[in-house]
Structures are given as structure tokens and as C-alpha cells.
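# Overview (structure and organization)
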Amino acid sequence: MSKPRVKLPDAAKVGDIIEVKTLVSHVMETGQRKTAEGQSIPRNIINAFIAKFAGNEVFKAELLPGISANPYLSFFMKVPGPGEFEFTWVEDGGNKIVQKVKLNVT
Amino acid sequence: MLSRRQFSLGAAAAVSLPLHALAQEQPQPWEQAVKSILGEAKPTEAKLTLDMPEIAENGNTVPFSVRIDSPMTEKDHVRAIHIISTGNPQPGVATFRLTPQSGRAMVSSRMRLARTQDVIAIAELSDSKFLMSKRAVKVTIGGCGG
């Protein structure tokens, strides 16, 4: 799994409501498809996404096969103070991608 | 005495009637999914906007955005947003969990649509009330293809 992409504003003030955009490369295999030989392709998706800021959970998504490949998510957060985001993507089977991004709070 | 024709007609009626009744009583999977979220609660059709294209040329990736008019305070905020598809093999699409720290009750992503169908968004509020909205989307090329 490749490195996810995260977009934050360049700078934010305490109390600002900021948009957080994330994108991760993933096939999001539904489990509904079959190979040319008729064999079922097993489900393999990112089933959860968790966003923490300064150690507190601020947003969570539970994803199902109806979410498109390379899942994109946009959500908002009211900036409580300086801190770092910790984003976690959880794949079926338990593999995790974790990315930390510092928010520039002025 | 029953003729062969009368008998087969009667048998067909006897078999088809209960089957038909059963089909009517059995809720659709998406109806069950909605019920499992709402329970006995009656949702309001206000304050929630589900933005989706009217026509999706590619059902593999259809953008959607859900916005709720909420102050997002400790006392009054959106706890969760559920997305349900009425025409995909699996009705559940995603559940988003929000907190007062979210500041704004708005979430966007992209979903698969196997065919033309209605998409439902349900918001669960901090006072345990529900908001619901439905959007019809025409799909030119279906997603989830095999």
C-alpha cells in the first residue's frame, strides 16, 4: 500500500473550522467479482479510517464495499489548539497504514 | 373428479399464493438496513442535504456529499451519518462518526452504484433523533461489475 495523500490548510488559527481531505490507493475489492475462470475474488477493502488530533479521536469512518477504489474522504475539524493529526487506515485482515501530519496553528 | 387441467391450475394457485404473500412481507435488504439504524424512530426530512449528481456516467466512482444544518455543540450535534444504497448487492456503504470537535457536519466521499437507484443518507443526532434524505441517481455504466 502506497503512502496516502493528505490535504490540510497551510495555516489555521485556534477556533477555525478546517477541511481535511485524505486519499489512499486501494483496490477496495468488493468480494462480488469473479475471475475469468469463475473463481470468487475475496473481499479486500479498507474497512475503517480514524482521524486523531493531539491524541483525541475527531472523526471516524466505517467503510463497506460500496465505497469506490482509492477511497477519498473529506471532513471538518474545529482547531482546538496546536497539534498533530494521526490518520489510520485499516485493511481487512488488520493491516494498518498510519500517517502523521502536523497542523500549522498560528 | 378433477380434470388434469383443473388440478394443475389449482396446484399452481396453491403454490404461487403463499410465495407471493411471502415476497410482499419480506422487506428488501436496504429496508432492513434502514430499520436497523432507525429502530422505531421516525426520521425528519429536514436539515439534511445529500448532494449527488443526477446522472452518473461511471457507477464505479460517484461523488457524494452530506451536509447537516447543526450547531455541532456538546448539547446539539450530529453523532453519525449513514449512507445506504437501495440497488447495490450490499445496502450499507459507509458510516461516519462525528463529534462536537468536527465543527461542521459535512462529509464527502465517492461511492459505487451498481445501477440506477435511490441513495439514502441518515443522520443520527445527539438527542437520539434522526434526519433522513433520499436522492435518485441515474447510472449509465454500473459499478461493482464482475
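Above this text is the structure in question.
Now for a look at the structure at hand. (Residues numbered from 1 in each chain as written. Chains lettered and ligands numbered in written order. Predicted model: local features only at pLDDT ≥ 70, side-chain atom pairs only at ≥ 80, totals over all residues. Heavy atoms only, no water.)

This next bit is on the interface of chain B and chain A. Listed as interface residues are 27 residues of chain B and, on the opposing side, 30 residues of chain A. Here chain B packs against chain A, burying approximately 2400 Å² in sum over the two surfaces, 51% of which is carbon and sulfur. Three residues stand out in chain B for area buried against chain A, namely Q101, R110 and R112 of chain B, and they jointly supply 27% of the buried area on that side. Summed over the shared surface of chain B and chain A, the number is one salt bridge. A salt bridge links R97 of chain B to E62 of chain A, with the nearest nitrogen and oxygen atoms 2.8 Å apart. For the interface between chain B and chain A, the tally reads 16 residue pairs in polar contact (both at pLDDT 80 or more). Within the residue set of the side of chain B that touches chain A, elements represented by two or more residues are strand 3 (62-68), strand 5 (92-97) and strand 6 (106-111) of chain B. Here the residues of the side of chain B that touches chain A are counted per class, giving ten nonpolar, 13 polar and four charged. Judged from the four bridges that link them, strand 4 (residues 56-63) of chain A and strand 5 of chain B form a sheet pairing that is antiparallel. In the strand pairing of strand 5 of chain B, A61 of chain A is matched with F96 of chain B. (Contact = heavy atoms within 4.5 Å. Buried area = accessible area lost by both parts, 1.4 Å probe. Salt bridge = Lys/Arg side-chain N within 4 Å of Asp/Glu carboxyl O. Polar contact = N/O pair within 3.5 Å; in protein donor to acceptor, adjacent residues only side chain to side chain. Helix = DSSP H or I, 4+ residues; strand = E, 2+ residues; numbered from the N terminus. Nonpolar A, V, L, I, M, F, W, Y, C, P; charged D, E, K, R; others polar. Pairing = 2+ DSSP bridges.)

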